[in-house]
Number of protein chains: 2
Amino acid sequence: MQLLRNNNLAIKWEDGKLEILDQILLPVISKYVAVKGVEDGWKVINKMQVRGAPAIAIVGCLSLAVEIQPEVFTDKKSLRQEIEGKLNYLVSARPTAVNMKIAAEDLITLSNQLSKDDSVSPADMKERFLKAIDAMLEKDIADNKAIGRHGAQAILNNGAGDSLVRVLTHCNTGSLATAGYGTALGVIRTLHADKKLEQVYCTETRPYNQGARLTAYELVHEKMPATLICDDMVAALMKSRTISAVIVGADRVAANGDTANKIGTYQIAVVANYHSVPFYVAAPFTSIDFTIPNGDRIIIEERPEREMTHINDQRVAAAGIQCWNPAFDVTPAALITGIVTEKGVYSPEELKGLNVSEKLQD
Amino acid sequence: MQLLRNNNLAIKWEDGKLEILDQILLPVISKYVAVKGVEDGWKVINKMQVRGAPAIAIVGCLSLAVEIQPEVFTDKKSLRQEIEGKLNYLVSARPTAVNMKIAAEDLITLSNQLSKDDSVSPADMKERFLKAIDAMLEKDIADNKAIGRHGAQAILNNGAGDSLVRVLTHCNTGSLATAGYGTALGVIRTLHADKKLEQVYCTETRPYNQGARLTAYELVHEKMPATLICDDMVAALMKSRTISAVIVGADRVAANGDTANKIGTYQIAVVANYHSVPFYVAAPFTSIDFTIPNGDRIIIEERPEREMTHINDQRVAAAGIQCWNPAFDVTPAALITGIVTEKGVYSPEELKGLNVSEKLQD
């Protein structure tokens, strides 16, 4: 069978061979790690050599595809058992990464169905299972590209007739965190491909420096006109240069449009609002959780102090100082211009107006 | 003669002996360096073992006092020549540190006057000169304490009847940057001494980390209830906890109250305004430059990219990324609740209403 070929920066997948860019070594060293099966897949996920919920799910599932592809199955039961056991094992590598868990559940359901269907041979079952993994990869990229297209159009429409735009982003939402295109960074990628991007600014994103380490790495790799700023420079930037829009990702969007995302997002939204800069959130439609009415219910995880006091085992803050290290914050809907999904761009008001069938249709 | 005794964290001065805390080694190592004369004074200023414009001036002048004190002068001309030559040499250690230049000019003028006055003996001249240096040290501390008193009162009056206050500060304005008490940190010190401080939050202050390295160090040393946050967490902090006031320092205040200060200050002012948190600037009255009508004229220095891309020679940002690294920003008067000086607290409106004699009187 012909497998999909994926040759993006973070995940290289061709002819049943899988390699991932080791994100622990970034930005100092760019080194690919071969993932020769589920055991390797578990390790690269567990050691955070691959990160970002969509990317973890894709790499986990592809590592299973690598292992199954050369095998020959004479009965479907042994294939089903192998699939179920290995997917559950992969979920255990990062139990909080929800996308891997959902992908595993979907694939186990598929495997059970195929196993029960007497019209499916063992070879058919294997092929259809591998195709399902391919489809996941393909869908993530297709959805990201649609997000990129919708977001770029919204920013250009909102850009007061500017032929070129200057955008700001926070954290990493690029090919390193997804199957290969990115959400907020996918929008910026589309603007660049369309020759509409004058400059992209990315924040360092303290304390884990995803902006300085990962987003900056991707922007340099893609040869985009890019500038890194510290997190405390956003207001000065907006005062001294006209910024066309802010575009960020989302961990979760509530039914009213309130958005939980990497710490610092809310502050950028406040500063953008003060400077009348449009503020967009880019995320797959599935990130919208219609079961939570607003952001008040979202619990903010607090992370270890060491993330703030040290950089690579080197102490950067005074010994004995107490730290507050929330992992994310909630941006109220009132500060959000639009939520960019693969289905289109919704203002928080429009989101509230969606009917049930639109909400469930995916 | 009895010299003033100064036993603060950064500058120890007693019986003609001077020691300074080596700020390059902070926060990892707390080590004092003996300054045995002008040569040592030049070195610690030039190597930035002491920093902060007021602190540089004090250490420079005290290093001259250390050298002159044990000497016996039989003629005033040789004393005058030594003073002039060594002060000019000290200015050359950090030519941009304006306080050292002004202090040198004042002391050279005094030395010329004493030298010309026939009623003054060589021994008298030496004693009066050393007393003038002592007076500089004493005035800086007294002014800072007055700033502390006025600022603490303003914050408590504004605190909606709270018996305890929670304040946020940015960068380092403490005893490490001044003769020994601090401006904005002096206000916090006063609140703490008066048992009115529930919690002080300090920002990391990227890219040079003065908050994480120096302010946090002082707060731990003074045993204040203190918490470090990243620069992108200010809005999340103000949303989740009630902050009574922000208090920051100033590099220069324009006649209308616009204030130039460390990069990031303007952003905190925008965020404080959004959350209705009072925003105070603390600075000696001499920091107000009545010759510049507003902040538009203030040129923003841009610093080397390496400050952002590296921490202690370790690369933290992706190679090849371009950086924007402005050293400070300008907070518009409209976002400032009050400017706290040793003469009292002025709203930007009150500042504009000061008559010429009040402006010049110091």
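The structure displayed is predicted, hence computed values, not measured ones. (Residues numbered from 1 in each chain as written. Chains lettered and ligands numbered in written order. Predicted model: local features only at pLDDT ≥ 70, side-chain atom pairs only at ≥ 80, totals over all residues. Heavy atoms only, no water.)

Participant: Honestly, the overall build of chain A in this entry has me stumped. Any pointers?
Facilitator: Assigned secondary structure in chain A consists of 12 helices and 18 strands. Principal-axis analysis of the C-alpha atoms gives chain A an extent of 70 × 50 × 40 Å. Across the 362 residues of chain A, 59% fall into the buried class. In chain A, of all internal contacts separated by at least 6 residues, the share reaching a separation of at least 24 is 74%. Roughly 14,600 Å² of accessible area belongs to chain A as shown, and the carbon and sulfur atoms make up 50% of that amount. Charged side chains of chain A number 39 positive and 44 negative; the gap between the two group centres comes to 3 Å. (Helix = DSSP H or I, 4+ residues; strand = E, 2+ residues; numbered from the N terminus. Buried < 20%, exposed > 50% of the residue type's maximum accessible area, 1.4 Å probe, protein only. Contact = heavy atoms within 4.5 Å. Areas by Shrake-Rupley, 256 points an atom, 1.4 Å probe, with all protein chains shown as cover. Lys, Arg positive; Asp, Glu negative; His and termini not counted. Charge placed at Lys NZ, Arg CZ, Asp CG, Glu CD.)

Participant: Can you help me understand the relation of the copies chain A and chain B in this one?
Facilitator: Mapping between the two copies of the chain is achieved by a rotation about an axis and a shift along the axis. Once chain A has been moved 0.0 Å along the axis and rotated by 180°, it coincides with chain B to within an RMSD of 0.1 Å. Overall, the copies show the geometry of a two-fold rotation axis. A share of 100% of the interface residues of chain A reappears at the interface of chain B, consistent with the copies meeting face to face through the same patch. (Least-squares fit on C-alpha atoms with pLDDT ≥ 70 in both.)

Participant: Looking at this structure, I do not really get the interface of chain A and chain B. What am I missing?
Facilitator: One frequent convention defines the size of an interface as the accessible area lost when the parts assemble. Taken together, the contacts link 58 residues of chain A with 58 residues of chain B. The three residues of chain A that bury the most area against chain B are A:D232, A:Q267 and A:W324, which together make up 16% of that side's buried surface. Viewed at the interface, chain B and chain A are joined by two salt bridges. Measuring nitrogen to oxygen at the nearest pair gives 2.5 Å for the salt bridge that ties B:E204 to A:R206. At the surface where chain A touches chain B, the tally comes to 19 residue pairs in polar contact (both at pLDDT 80 or more). Taken together, the elements giving at least two residues each to the side of chain A that touches chain B come down to α7 (210-221), β7 (226-229), α8 (234-240), α9 (265-274), β14 (314-315), β15 (322-323) and β16 (328-331) of chain A. Here the side of chain A that touches chain B is composed, by residue class, of 34 nonpolar, 14 polar and 10 charged. Sheet topology places β7(A) next to strand β15 (residues 322-323) of chain B; two bridges connect them, and they run parallel. Of the residues in β15(B), the one forming a bridge with A:L228 is B:C323. (Buried area = accessible area lost by both parts, 1.4 Å probe. Salt bridge = Lys/Arg side-chain N within 4 Å of Asp/Glu carboxyl O. Polar contact = N/O pair within 3.5 Å; in protein donor to acceptor, adjacent residues only side chain to side chain. Nonpolar A, V, L, I, M, F, W, Y, C, P; charged D, E, K, R; others polar. Pairing = 2+ DSSP bridges.)

Participant: In this structure, what is going on with the packing of helix α3 (residues 76-91) of chain A against helix α5 (residues 122-158) of chain A? I would like to understand it.
Facilitator: How two helices sit against one another is set out by the angle between their axes and by the gap between those axes. Residue and element names in this part refer to chain A. In the contact formed by α3 and α5, the axes pass within 9 Å of each other and the chain directions differ by 25°. Regarding the angle of α3 to α5, the classification is roughly parallel. When you trace α3 past α5, the crossing you get is right-handed. Where α3 abuts α5, its residues K76, L79, R80, I83 and L87 lie against P122, M125, K126 and F129. Residue composition of the contact of α3 with α5, by class: six nonpolar, no polar and three charged. (Axes fitted to C-alpha atoms, helices over the stretch in contact; angles between N-to-C directions. Parallel < 35°, antiparallel > 145°, perpendicular 65-115°, else oblique. Left-handed = near helix turned anticlockwise from the far one by under 90°.)

Participant: Even after reading the chapter, I still don't get the environment of A:K101, so can you show me in this structure?
Facilitator: Within the secondary structure, A:K101 is located in helix α4 (residues 98-116). In this structure the C-alpha to C-alpha distance between A:K101 and A:N88, which are 13 residues apart in sequence, comes to 8.2 Å.

Participant: Just to check I follow, could you spell out the sheet that holds strand β9 (residues 252-254) of chain A for this structure?
Facilitator: The strands making up a sheet are joined through hydrogen bonds of the backbone, oriented either antiparallel or parallel. All names here are of chain A. Reading across from one edge, β12-β9-β10-β16 is the order of the four strands in this open sheet, with mixed pairing throughout. Every interior strand has two partners, whereas the edge strands, β12 (288-289) and β16, have only one. As defined by bridge partners, β9 adjoins strand β10 (residues 259-262) across two bridges and the pair is classed as antiparallel. Note on β10: the bridge partner recorded for V253 is T259.

Participant: Looking at this model, I keep getting lost on the environment of B:R128. Mind explaining?
Facilitator: Residues and elements named next belong to chain B. Take R128: it is sitting in helix α5 (residues 122-158). With relative accessibility at 46%, the residue R128 sits in the partly exposed group. For the pair R128 and C202, spaced 74 residues apart in sequence, the C-alpha separation works out to 41 Å. With sequence-adjacent residues up to four places away left out, R128 is seen in contact with L110, L114 and V120.

Participant: When you look at the pattern of salt bridges in this model, what are you seeing that I'm missing?
Facilitator: When the charged atoms of two side chains lie near each other, side chains of opposite charge can form a pair. All names here are of chain A. Overall, the coordinates contain 32 salt bridges over all chains when judged by the stated rule. Two residues, K139 and D143, come together in a salt bridge whose shortest N-O distance is 2.4 Å. In this pair, K139 and D143 both sit in helix α5, four residues apart, roughly one turn of the helix. For K139, a relative accessible area of 41% puts it in the partly exposed group. Because the salt bridges share partners, they merge into one network encompassing E67, E82 and K86.

Participant: Looking at this structure, how should I read unusual backbone geometry?
Facilitator: For residues other than glycine, phi is negative in most cases, and the peptide bonds are mostly trans. The omega angle of the peptide bond from A:L26 to A:P27 is 0°, so this bond is cis rather than trans. In this fold, A:P27 is placed in the loop between β3 (17-21) and β4 (32-34). A positive phi angle, near 60°, is found at A:M48, a position not held by glycine. Mapped onto the secondary structure, A:M48 falls in the loop between α1 (38-46) and α2 (53-68). The partly exposed category is assigned to A:M48, whose relative accessible area is 33%. Positive phi outside glycine occurs at B:D313, with the angle close to 70°. Along the chain, B:D313 turns up in the loop between β13 (310-311) and β14 (314-315).

Participant: It is not clear to me how the packing of aromatic side chains should be interpreted in this structure. Could you clarify?
Facilitator: As enumerated under the stated definition, the model contains six aromatic pairs over all chains in all. Ring geometry for A:F285 against A:F290: centres 6.0 Å apart, planes inclined by 45°, an arrangement best described as tilted. Residue A:F290 is classed as partly exposed on the basis of its relative accessible area, which comes to 22%. Here the aromatic residues A:F285, A:F290 and A:Y346 are joined through ring pairs into a cluster of three or more. Geometry around A:Y208 places A:R213 over its ring, the cationic atom sitting 5.0 Å from the centre. Across from the ring centre of B:F285, 4.3 Å away, lies the NZ or CZ of B:K343, which sits over that ring. (Phe/Tyr/Trp six-rings, centres within 6.5 Å; stacked < 30°, edge-to-face > 60°. Lys NZ or Arg CZ within 6 Å of the ring centre and 35° of its normal.)

Participant: Sorry, what's going on with the pairing of strand β2 (residues 11-14) of chain B here?
Facilitator: Remember that side chains alternate between the two faces of the sheet whenever the strand is regular. Covered by surrounding structure in β2(B) are B:I11 and B:W13 only, the residues B:K12 and B:E14 on the alternate face being uncovered. Between the end of β2(B) and the start of strand β3 (residues 17-21) of chain B, which pair antiparallel, lie two residues, with B:D15 showing a positive phi angle near 50°.

Participant: I tried to follow α2(A) on my own but got confused; where do I start?
Facilitator: Note that an α-helix has 3.6 residues per turn; residues three or four places apart therefore point the same way. Over its 16 residues, α2(A) runs 23 Å from end to end, which matches the ideal 22 Å to within 8%, given 1.5 Å per residue. Summarising burial for α2(A): 13 of the 16 residues are buried, a large majority. (Expected span 1.5 Å × (residues − 1).)

Participant: Before we go on, may I ask you to explain a nonpolar patch on the surface in this structure?
Facilitator: Residue and element names in this part refer to chain A. On the surface, I24, M48 and Y208 cluster together into a nonpolar patch covering about 260 Å² of accessible area. Here I24 lies in the loop between β3 and β4. Residue class for I24 comes out partly exposed when judged on its relative accessible area of 47%. (Patch = residues over 30% accessible without salt bridge, like charges linked within 9 Å, V, L, I, M, F, W, Y side chains within 5 Å.)

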